[in-house]
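Understanding the architecture of this molecule
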There are 2 protein chains.
Amino acid sequence: MAAGNPTIHDVAKLAGVSTATVNRVLKGGYVSADARTAVETALKETGYRPNSMARGLRMRRSYTIGQMLTEITVNPFFANVAQGVENAARANNYRTVLFNHSNDSKRERLGIERFIDDHVDAVLFCTSTDATNLALLDRSGIPYVELERSRTTAAPFIRVDNYTGARQAMVHLVELGHRRVAFVGGDPAIQLPNSRRGYAVEEERLNAYRDCVQEFDLLTDPRLVRLGKYYSMSDTFPGASGYRHTRALLELDQPPTAIFATCDILAAGALQAIYDCRLRIPEDISIVGFDDTLAVCLAPALTTVSQPMARMGAAGFQCALDLIEGRAPLNEQTLPAELVVRASTGRAPG
Amino acid sequence: MAAGNPTIHDVAKLAGVSTATVNRVLKGGYVSADARTAVETALKETGYRPNSMARGLRMRRSYTIGQMLTEITVNPFFANVAQGVENAARANNYRTVLFNHSNDSKRERLGIERFIDDHVDAVLFCTSTDATNLALLDRSGIPYVELERSRTTAAPFIRVDNYTGARQAMVHLVELGHRRVAFVGGDPAIQLPNSRRGYAVEEERLNAYRDCVQEFDLLTDPRLVRLGKYYSMSDTFPGASGYRHTRALLELDQPPTAIFATCDILAAGALQAIYDCRLRIPEDISIVGFDDTLAVCLAPALTTVSQPMARMGAAGFQCALDLIEGRAPLNEQTLPAELVVRASTGRAPG
DNA sequence: TTGTATGCGTTATCAA
DNA sequence: TTGATAACGCATACAA
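Figured I'd write up the structure that's included with this text. Computed from a prediction, not measured in an experiment: that's the story for all the values here.

Moving on to the packing of aromatic side chains. Applying the stated criterion across every chain, the model contains 16 aromatic pairs over all chains. Between F183 of chain A and Y209 of chain A, the ring centres sit 5.1 Å apart and the planes meet at 45 degrees, which makes this aromatic pair tilted. Linking F183 of chain A in strand β6 (residues 181-186) with Y209 of chain A in helix α10 (residues 201-215), this pair joins segments that are 26 residues apart in sequence. Accessibility classification places F183 of chain A together with Y209 of chain A in one group, the buried group. An aromatic cluster is present here, built from F183, Y209, F260 and F290 of chain A joined pairwise through their rings. Lying over the aromatic face of Y275 of chain B, R280 of chain A brings its terminal NZ or CZ to 3.8 Å of the ring centre. For R55 of chain B, the ring lying beneath its charged end belongs to Y63 of chain B, and the centroid distance is 4.8 Å.

Structure (C-alpha cells):
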C-alpha cells in the first residue's frame with residue numbers, strides 16, 4: 001500500500017467483485033446488500049481514494065477552476081476575492097489554480113494558455129487586462145466569468161455598486177459638516193477604454209463624488225480632484241501615489257478638510273502624508289478609503305467603503321459552475337458596498 | 001476544433017504519421033526531416049496542446065504542488081510566500097494548489113486528504129499545525145517540505161535566521177540610544193511544544209531581545225516583555241493584541257522609549273495605540289516590526305525586519321522538486337532576515 | 001527511422 | 001444484479 005495508492009481494481013479484488021460493482025456502490029446504483037457490504041469494508045480497508053486525473057480524463061472535466069488575478073501580493077483585495085472563490089469551490093468539490101498577470105497582457109495570455117493546458121472547466125477573472133485574451137478561451141470552449149471589471153458583454157459579470165458605496169462615503173462626510181472635500185482616485189480615462197459595459201469602477205466613484213458636490217453644494221475646485229493610478233506594480237511603496245496627491249492637496253492655499261481616497265492603499269499613502277505634515281486625523285482632516293482591506297490596520301483605523309470581496313468570489317464561482325453544468329447564470333449581478341465608519345472621520349474643523 | 005481540443009491523434013492524422021512520431025518530435029528523438037516538418041506544421045495548424053490529465057495519468061505525476069498555508073488573507077506573509085512558490089513552480093512547469101487551514105488541525109487534515117486525492121507530487125507547508133497530519137502524507141508516499149516552522153525532523157526545512165534578524169533590530173535601537181526597550185511578540189510557549197527542531201521562531205526572537213538587553217545593559221523589567229499571539233483568526237482587527245499590549249506599556253510608570261513588535265500586524269496595533277495616546281513616532285517613541293508586510297503602508301512607514309518570503313517559497317519549491325525527482329535536498333536551509341530602516345525609529349527622547 | 005499496441009485508473013455501456 | 005469491456009489522451013516498449 002505504501003507503494004502506490006490503491007485503485008478501484010484493488011478494492012474490487014479485495015471485495016471479490018468487479019470494478020463496475022465498486023463503482024456502483026460509490027456512485028449509487030443497483031447493488032445487492034451482500035456486495036455492498038463487501039465493497040464497503042474493502043473501501044475502508046484499502047483507504048481507497050479515486051484518482052482525480054483518471055477521473056478527469058474519463059469525464060472530460062478537471063474539476064478545476066482557473067483564477068486569473070491582477071496580483072495577489074500587491075492588494076489584499078485579490079487575496080480576499082480568491083479566498084471567496086476557493087471556499088465556494090471546495091464546497092463543491094472543485095479546486096482552483098491561481099495565476100497573477102501583474103497587469104501585463106502578455107503574461108495574462110500565457111496564464112490563459114496554461115489554464116487551457118490544464119483543462120480547467122472555467123476561468124474567473126479579477127480582472128482581465130484585455131478582451132482579446134478572453135477570446136482565447138472562447139476558442140477552447142472554456143466558459144469564464146468576470147469579477148469587478150468587465151471587458152466583454154458575453155460573460156457573466158459580478159460587479160459592485162460603486163456608485164452607491166462612494167455616495168455613502170460622501171454623505172457621511174457631508175453629515176460631519178465637510179464642505180471642502182477632495183477626491184483622490186483612479187482615473188476613469190485609464191480604465192474606461194477597456195470597459196465594455198456602462199460602468200467603470202472609477203467612473204462610478206467619481207460620478208458619486210461629483211453628484212454629491214453638486215447636490216450638497218460643496219466647494220467645487222478642480223484642484224481638489226486628483227486622478228491617477230491606485231498603485232503602481234513597480235513602486236517600492238504601493239501607496240506612493242496617494243502620498244503625492246495628498247501632499248499636493250495639503251499645500252493648497254485652502255486645503256480640503258476631508259479626503260475621499262477610493263482605495264485603501266491610496267488612503268494609506270494619504271495617512272503617511274498627513275502624518276508627515278503633523279496634522280491630526282480626524283481633528284484636522286478626515287479621510288475615507290475604499291475596499292476595506294488595509295483599513296483596519298492603519299492608524300487611525302480607516303473609515304472606508306467595504307467591498308464584499310468574499311461574496312464576489314463566491315458568486316463568481318457559482319456562475320462558473322452554472323456555466324459548466326449548462327445552466328444560464330445571470331449575465332450581471334450587482335453586489336452592494338457599504339460604508340464602515342471607524343476612526344479616521346470626524347466633524348469638520350473650524 | 002471548437003468542439004473538443006485537438007489530441008495527439010489529430011496531429012498524427014493530419015501529418016500522416018503515427019502518434020509515436022508526433023511524440024518523438026515533441027519530446028526529441030530520431031525523426032526524419034520530412035516527418036519532422038510535417039508534424040510541425042500539423043502542430044501549428046491544430047494548435048495542439050497536450051492534455052495534462054492524460055499525461056499525469058500516464059506519467060503517474062500530476063505536476064502539481066499542494067501549498068498548505070495558515071491563512072492567506074490574515075497575514076500578507078502567506079501571500080508573499082505563496083507567490084514565491086508559485087513563480088518557481090511555473091518556471092518548472094508546475095502548478096500549485098492552495099489550501100488554508102486557519103490554524104485548525106482538522107481542516108488541515110481535510111486539506112491534506114484533498115491533496116492526496118489530487119495526487120499532488122509534493123506538499124509545501126507554511127506552516128503545519130501538527131505532525132500527525134504530516135504522517136498522512138508519509139503513508140501516501142508524498143514528499144513534503146516545511147517552511148518557517150518545523151514539526152518534524154525528516155522533511156526538508158527552510159527557515160529564516162530569526163535570531164540575527166531580531167538582533168539587528170535591537171542593535172539599531174541601541175545605537176539610537178534606547179535603553180528602555182519593550183518586546184511585544186509571540187509566546188514561545190504557544191508554539192514551542194509543536195516544534196521539532198532547536199529553534200522556534202518565537203524563541204529565537206525573544207532570545208535575541210534578551211541577549212541584547214544583557215549585552216548592552218538595557219533596562220530589565222519583566223513588564224516590558226509582553227507575550228501572546230501575533231493575531232487571532234477570529235478578531236475583527238488582527239492587530240488587537242498589539243494594541244492592548246502597547247496600551248499597557250504606555251500606562252507603565254516608566255513607559256519604554258522603543259518597542260520591538262515581532263510581527264508587522266502587532267506593530268500596526270501598536271501604532272494605533274500610540275496614535276490614540278497622541279504620542280508621536282519616532283519623537284516620543286520608536287517602534288520596529290518584523291516581516292516587512294504591512295510595514296511600508298503604515299504611518300509612519302515602519303522600520304522592520306524583512307523576511308525573505310519569496311525566496312523562502314522558491315527554495316521550498318526547489319526542495320520539493322528535488323524530492324520528487326529523487327535527489328536529496330539539504331535537510332535544512334537558513335535564509336537571512338534583514339533590518340529595513342524606515343520612519344518609525346529615531347533617537348531616544350530625553 | 002517508424003508504427004503498433006498496451007496500460008495508466010476511471011466511468012459507463014452493454015450483455016448476461 | 002453483475003461483469004466484461006471500451007474509451008478518455010498520452011507515453012513508451014517493442015517490433016518492424
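So, on to the protein's contact with DNA strand D. Close to DNA strand D lie 25 residues; S32 and R60 of chain A together with I8, Y48 and R58 of chain B are nearest. When the atoms of DNA strand D within 4 Å of the protein are grouped by moiety, sugar and phosphate amount to 62% of the total. R58 of chain A is positioned such that a nitrogen or oxygen atom in its side chain is 3.4 Å from a base nitrogen of DNA strand D. With respect to DNA strand D, the side chain of Y48 of chain B contributes an N or O atom lying 2.5 Å from a phosphate oxygen. Secondary structure elements with two or more residues in the surface near DNA strand D: α2 (19-27) and α4 (52-59) of chain A together with α2 (19-27) and α4 (52-59) of chain B. Broken down by class, the residue content of the surface near DNA strand D amounts to 12 nonpolar, 7 polar and 6 charged.

This part covers the environment of N93 of chain B. By the element assignment, N93 of chain B lies in the loop between α5 (76-91) and β2 (95-100). It is 37 Å that separates the C-alpha atoms of N93 of chain B and L298 of chain B, two residues lying 205 residues apart in sequence. The contact partners of N93 of chain B, leaving out residues within four places of it in the chain, are R114 of chain A together with Y63 of chain B.

At the interface, 56 residues of chain A touch 56 residues of chain B. For the pairing of chain A and chain B, the buried interface totals around 5,200 Å² over both sides, and the portion due to carbon and sulfur atoms is 51%. Its largest share of buried area at the contact with chain B, chain A owes to M53, R90 and Y275 of chain A, together 16% of the area lost on that side. Our count for the contact surface shared by chain A and chain B stands at 6 salt bridges. Among the ionic pairs, R49 of chain B bridges to D117 of chain A, the shortest N-O distance being 2.9 Å. Along the contact surface separating chain A from chain B lie 22 residue pairs in polar contact (both at pLDDT 80 or more).

For the pair chain A and chain B, the best superposition has an RMSD of 0.1 Å and corresponds to a rotation of 180 degrees with a translation of 0.0 Å parallel to the axis. The transformation relating the two chain copies, once decomposed into turn and shift, fits a two-fold axis. Mapped onto chain B, 100% of the interface residues of chain A again fall at the interface, so both copies present the same surface.

Moving on to the protein's contact with DNA strand C. In the neighbourhood of DNA strand C, 26 residues make up the surrounding shell, with I8 and R58 of chain A together with R24, S32 and R60 of chain B lying closest. Restricting the count to atoms of DNA strand C within 4 Å of the protein gives a sugar and phosphate share of 65%. Sorting the residues of the surface near DNA strand C by element identifies α1 (8-15), α2 and α4 of chain A together with α2 and α4 of chain B as the ones contributing at least two each. The element that contributes the greatest number of residues to the surface near DNA strand C is α4 of chain A, accounting for 4 residues. Considering only residue class, the surface near DNA strand C consists of 12 nonpolar, 7 polar and 7 charged.

This next bit is on unusual backbone geometry. Most peptide bonds adopt trans geometry, and most residues besides glycine take a negative phi value. All names here are of chain A. Residue T127 is reached from C126 by a cis peptide bond, and omega for that bond is 0 degrees. I281 connects to P282 through a cis peptide bond whose omega is 0 degrees. Along the chain, P282 falls in the loop between α12 (264-276) and β9 (286-291). Backbone geometry places E148, a non-glycine residue, at a positive phi of 70 degrees. Positionally, E148 belongs in the loop between β4 (144-147) and β5 (157-160). Here E148 falls in the buried class, since its relative accessible area comes to 12%.

Conventions we followed
Residues numbered from 1 in each chain as written. Chains lettered and ligands numbered in written order. Predicted model: local features only at pLDDT ≥ 70, side-chain atom pairs only at ≥ 80, totals over all residues. Heavy atoms only, no water. Phe/Tyr/Trp six-rings, centres within 6.5 Å; stacked < 30°, edge-to-face > 60°. Helix = DSSP H or I, 4+ residues; strand = E, 2+ residues; numbered from the N terminus. Buried < 20%, exposed > 50% of the residue type's maximum accessible area, 1.4 Å probe, protein only. Lys NZ or Arg CZ within 6 Å of the ring centre and 35° of its normal. Near = heavy atom within 4 Å. Polar contact = N/O pair within 3.5 Å; in protein donor to acceptor, adjacent residues only side chain to side chain. Nonpolar A, V, L, I, M, F, W, Y, C, P; charged D, E, K, R; others polar. Contact = heavy atoms within 4.5 Å. Buried area = accessible area lost by both parts, 1.4 Å probe. Salt bridge = Lys/Arg side-chain N within 4 Å of Asp/Glu carboxyl O. Least-squares fit on C-alpha atoms with pLDDT ≥ 70 in both.

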